[in-house]
Amino acid sequence: MTLTVILSYYNQRSTLEKQIANWCSYSAAIRNNIVFLIVDDGSRDLPLEADICNDNALNIEVYRILPDIPWNIGGARNLGFSVTRTKWALQIDMDLFVSSDSMLRIMEICATSQAGVVYKFRRLNPKTGLDKIHPGAMLITKQLYWSAGGCDEDFVGHYGYTDTHFLSDRIANNNSLKKLFPRVAIIERKDISMTEDE
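Residues numbered from 1 in each chain as written. Predicted model: local features only at pLDDT ≥ 70, side-chain atom pairs only at ≥ 80, totals over all residues. Heavy atoms only, no water.

**Digging into the overall build of the protein**
For the protein, the count of helices and strands is seven helices and eight strands. Buried positions account for 48% of the 198 residues belonging to the protein. Contacts spanning at least 24 positions in sequence make up 75% of the contacts within the protein whose residues lie at least 6 apart. About 9300 Å² of surface is accessible on the protein, with carbon and sulfur atoms providing 51% of the total. (Helix = DSSP H or I, 4+ residues; strand = E, 2+ residues; numbered from the N terminus. Buried < 20%, exposed > 50% of the residue type's maximum accessible area, 1.4 Å probe, protein only. Contact = heavy atoms within 4.5 Å. Areas by Shrake-Rupley, 256 points an atom, 1.4 Å probe, with all protein chains shown as cover.)

See the structure below:
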């Protein structure tokens, strides 16, 4: 495997079904080189069921955090990176979709790029075009993630600080490079609920 895609899940079954349908649209050459790692972050209303992950041609691994800890994105990401077996991991949020063309380019980065770089991506809003960089989407090696200290779980319980702290403090203090990859945009779906399916 070349890449692990890490996705946090919380009571978002219909959104995850859309993600899986998007992943299934990738060519076999792409799908066969990706582990899709989903961390269920304590869902109670719509816990992740195995059936959603087994009825496709994808290599999906599911991990569960049993207690429902509010705003535990740092804990979920740290779990994802701790069990990742590939050198490179792509961290995305549930409402961010990666097209087949963009995923192919991301896999090219994995094959040809240096390990001390964090790759960031612009959001592509289908209605407004390219937007600012999404703080939660990044391509990084497992080694760099942990040498930077991973996500600070002291922010658990507080919304909105995890991504900023990881990028501006942990990565900067580790003397790592942040690089915008201009040929790849992550598609942001504004029509998708960020917290719970309705």
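Here the narrative resumes, following the displayed structure.
**Quick word on the pairing of strand β1 (residues 3–9)**
With seven of seven residues buried, β1 lies mostly within the body of the structure. Residue alternation in β1 divides its side chains into two sets, Leu-3, Val-5, Leu-7 and Tyr-9 and Thr-4, Ile-6 and Ser-8, and both sets are buried. Relative to strand β2 (residues 34–41), β1 runs parallel, the two being bridged by seven bridges. What sits directly across from Ser-8, in β2, is Val-39. Of the strand pairs in this sheet, β1 and strand β4 (residues 88–92) are connected by five bridges, and their pairing is parallel. (Pairing = 2+ DSSP bridges.)

**A word on the pairing of β2**
Among the eight residues that make up β2, eight are buried, leaving the element largely enclosed by the rest of the structure. In β2, alternate side chains face the same way, and those of Ile-34, Phe-36, Ile-38 and Asp-40 on one face and Val-35, Leu-37, Val-39 and Asp-41 on the other are all buried. By the bridge criterion, six bridges tie β2 to strand β3 (residues 60–65) in an arrangement that is parallel. By the bridge assignment for β3, Asp-40 is matched with Arg-64.

**Here we look at the side chain of Thr-86**
Here Thr-86 shows up in the loop between α4 (73–83) and β4. Residue class for Thr-86 comes out buried when judged on its relative accessible area of 7%. Only 2.7 Å separates the side chain of Thr-86 from the backbone oxygen of Trp-88, close enough to count as a polar contact. (Polar contact = N/O pair within 3.5 Å; in protein donor to acceptor, adjacent residues only side chain to side chain.)

**Things to note about the packing of aromatic side chains**
Counted under the stated rule, the structure contains four aromatic pairs. Arranged with centres 6.1 Å apart and planes meeting at 50°, the rings of Trp-88 and Tyr-119 form a pair that is tilted. One end of the pair, Trp-88, is in strand β4; the other, Tyr-119, is in strand β6 (residues 117–125), and 31 residues separate them in sequence. Accessibility classification places Trp-88 together with Tyr-119 in one group, the buried group. For the pair Tyr-145 and Trp-146, a centre-to-centre distance of 5.0 Å together with 90° between the ring planes defines the contact as edge-to-face. (Phe/Tyr/Trp six-rings, centres within 6.5 Å; stacked < 30°, edge-to-face > 60°.)

**Things to note about the confidence of the model for the protein**
Per-chain confidence: the protein averages 81 in pLDDT, with 78% of residues scoring 70 or above. Looking over the protein, one finds the lowest element-wise mean pLDDT in strand β8 (residues 177–188), namely 59, and the highest in β1, namely 96. (pLDDT = per-residue confidence, 0-100.)

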